[in-house]
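If you want the building blocks of each chain, they are given just below.
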Amino acid sequence: MSALTGKRIILGVCGSIAAYKSAFLLRELQGRGAEVRVVMTPSAAEFVAPLTFSALSHNQVYMEMFPDRKHSSAVGTWHIDLGLWADAMLVAPITASTIAKIAQGISDNFLTSIVLALRAPLIIAPAMDADMYIHPATTSNIAKLKERGVVVVEPEEGELASGLSGVGRLADVTGIVREVERFFEGHHLDLARRKILVTAGPTQEPIDAVRFISNRSSGKMGFAVASAAANRGADVKLITGPVALETPRNVRRVNVSTADQMFEAVAGEIEWCDALIMTAAVADYKVLNPPDRKIKKTEFVQGTPRIELAENVDILKSVAPRKGRRVFVGFALETDDTIANAKKKLVSKSLDLIVVNNPRVEGAGFGTDTNRVAILSEKDQDAVELPLLSKYDVAMNILDRILPLLPQK
Ligand code: CTP
């Protein structure tokens, strides 16, 4: 029996050449026992007649926000009712425009209104021209949706309707159905009951009451890891330095400022966690005895002002003796001898995995939404290089690597 048996699914169809494939999708979902209702955007109806879907689903097709009044007296709440009825909503194909609307919370047609009112999980399968798909606006909208827990069935590479070739072709129909099935089988919650501790952002080391030493870390990588782990069902605590980012859904956040505070917070949670992922860019030095007031320029007697520094605690090394069977993951930012330096840190910090990136590589490093990393493991030490990915997808890859290392539950 399929995990889809008896499940109620809203199939959303958008205006794409691939809209005809939704008819096959509908049949496949029904074939596995799902009850399907179809919702179309007005432009989808330019590609396939609603009659096709209403005949196949044995139900009316929902499209108009304000349909002919004689059909219903409860028009105003249809989108809410349907949203409550569903166990899941699958939008396939979904266009760049509908992705953008959902990312922004715009509800200007029946389909986007349902999405906004939906309590059930959302799965999307994009289909569009390759240039539209790789446009930074689209990639950042998709990343935003993934962070919110939307499951994305990535499009395939191949010949597109434009005659050009590239990524953007709707994923294979059977593959999409398999993803929906996997979703109901619970595979997307493969980190359920796992306790994951993540650190993120920079630390700030005060010079006096108003000045500090810090670094360029934006915290985006750590927040992506926390968000991805929570979306996979983990219990996540995020200890972060000062950053301008919203707390991801279902993540417990602890704000710290200095390396010493971050150390205290991490040390206090070691016993609790199954895995520690240290993405934080911890400042290596702190200022000795910073005064609790602003230092005046005149206080420096003569010549070049000097600040005396003291080494900060190495958080990973300090908690290493309490590692036990926990999985420890470090991050390394290296501009030279990337892999060789990362290997040394893997050993010296007792890590299971180290994720290394070079901020000189385009699309990698501070502040960007993307990253290009290599992952080294304690077991083989061979670097697995990942392509340029969104930080969320990098996070998913790291979690894939952590999963088999966690002790059996
Ligand atoms: N780290 C830590 N405590 C520190 C400094 C770093 O736990 N005081 C962690 C980071 O969170 C990261 C890993 O160690 O996961 C590697 O950090 P990195 O700054 O690259 O290494 P350092 O040990 O500081 O070495 P260097 O700055 O000389 O490259």
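What counts and what doesn't
- Residues numbered from 1 in each chain as written.
- Predicted model: local features only at pLDDT ≥ 70, side-chain atom pairs only at ≥ 80, totals over all residues.
- Heavy atoms only, no water.
- Pairing = 2+ DSSP bridges.
- Helix = DSSP H or I, 4+ residues; strand = E, 2+ residues; numbered from the N terminus.
- Contact = heavy atoms within 4.5 Å.
- Axes fitted to C-alpha atoms, helices over the stretch in contact; angles between N-to-C directions.
- Salt bridge = Lys/Arg side-chain N within 4 Å of Asp/Glu carboxyl O.
- Buried < 20%, exposed > 50% of the residue type's maximum accessible area, 1.4 Å probe, protein only.
- Parallel < 35°, antiparallel > 145°, perpendicular 65-115°, else oblique.
- Left-handed = near helix turned anticlockwise from the far one by under 90°.
- Nonpolar A, V, L, I, M, F, W, Y, C, P; charged D, E, K, R; others polar.

Undergrad: Quick question: what am I supposed to make of the sheet that holds strand S19 (residues 373-377) here?
TA: Pairing between sheet strands relies on hydrogen bonds along the backbone, with the strands arranged either parallel or antiparallel. Read across the open sheet, the eight strands follow the order S12-S11-S8-S13-S16-S17-S19-S20; overall the sheet is mixed. The open sheet has two free edges, formed respectively by strand S12 (251-255) and strand S20 (384-385), since each of these has just one partner strand. The pairing of strand S8 (residues 195-200) with strand S11 (residues 235-240) spans six bridges and is classified as parallel. By the bridge assignment, Thr-199 is partnered in S11 with Ile-239. Against the sheet, helix H12 (residues 338-348) contacts strand S16 (327-333), strand S17 (353-357) and S19, and its axis sits at roughly 150° relative to S17.

Undergrad: Looking at this structure, I do not really get the pattern of salt bridges. What am I missing?
TA: Between side chains of opposite charge, pairing is possible as soon as their charged atoms come close. Applying the stated criterion to the full structure yields 23 salt bridges. Note that Asp-400 and Arg-232 form a salt bridge whose closest N and O atoms lie 2.8 Å from each other. Residue Asp-400 is found in helix H13 (residues 391-402), and its partner Arg-232 is found in the loop between helix H9 (220-231) and S11; the two are separated by 168 residues along the sequence. Exposure remark for Arg-232: the relative accessible area of 5% places this residue in the buried category. Here Asp-336 ties to Arg-360 by a salt bridge, and the two come within 3.6 Å at their closest N and O atoms. Within this pair, whereas Asp-336 is found in the loop between S16 and H12, its partner Arg-360 is found in the loop between S17 and strand S18 (370-371), the two being separated by 24 residues in sequence. Via salt bridges that share partners, Glu-28, Arg-32, Arg-178, Glu-181 and Glu-185 belong to a single interconnected network.

Undergrad: It is not clear to me how the packing of H9 against H13 should be interpreted in this structure. Could you clarify?
TA: Any two packed helices are characterised by the angle at which their axes cross and by the distance between the axes. In contact at an axis separation of 8 Å, H9 and H13 are set at 60° when each is read in the N-to-C sense. Considered as vectors, H9 and H13 are oriented oblique to each other. Like other packed secondary-structure pairs, H9 and H13 cross with a definite hand, here right-handed. Of the residues in H13, those touching H9 at Lys-220, Met-221, Ala-224, Val-225, Ser-227, Ala-228, Ala-229 and Asn-231 are Lys-391, Tyr-392, Val-394, Ala-395, Met-396, Ile-398 and Leu-399. Split into classes, the residues belonging to the contact of H9 with H13 amount to eleven nonpolar, two polar and two charged.

Undergrad: Even after reading the chapter, I still don't get the sheet that holds strand S5 (residues 151-152), so can you show me in this structure?
TA: Read from one edge to the other, the open sheet built from five strands follows the order S2-S1-S3-S4-S5, with strand pairing classed as parallel. Strands at the two margins of the open sheet, each flanked by one partner only, are strand S2 (35-40) and S5. Relative to S5, strand S4 (residues 122-126) runs parallel, the two sharing two bridges. Within S5, the residue paired with Ile-124 across the bridge is Val-152.

Undergrad: How do you make sense of the pairing of S4 when you look at a structure like this?
TA: Working note: regular strand, side chains alternate between the two faces of the sheet. Within S4, five of the five residues are buried, which leaves the element mostly enclosed by the surrounding structure. Residues Leu-122, Ile-124 and Pro-126 line one face of S4 and the alternating positions Ile-123 and Ala-125 line the opposite face, and both faces are buried.

Undergrad: Sorry, what's going on with the packing of helix H1 (residues 21-31) against helix H8 (residues 173-185) here?
TA: Close contact between H1 and H8 brings their axes to 10 Å; oriented N to C, the two are set at 45°. When the axes of H1 and H8 are compared, the pair comes out oblique. Between H1 and H8 the crossing geometry is right-handed. Packed against H1, whose contacting residues are Lys-21, Phe-24, Leu-25, Glu-28 and Leu-29, the element H8 presents Val-173, Thr-174, Ile-176 and Val-177 at the interface. Here the contact of H1 with H8 is composed, by residue class, of six nonpolar, one polar and two charged.

Undergrad: What is the right way to read unusual backbone geometry from this model?
TA: If a residue is not glycine, its phi is most likely negative; likewise, a peptide bond is most likely trans. In this chain, Ala-92 is followed by Pro-93 through a cis amide linkage whose omega measures 0°. In this structure, Pro-93 sits in strand S3 (residues 88-94). Unusually for a residue other than glycine, Arg-193 sits at a positive phi of about 70°. What makes Arg-193 exposed here is its relative accessible area of 60%. At Asn-250, a residue that is not glycine, the phi angle is positive and equals roughly 60°. Relative to the helices and strands, Asn-250 is located in the loop between S11 and S12. Residue Asn-250 is classed as exposed on the basis of its relative accessible area, which comes to 60%.

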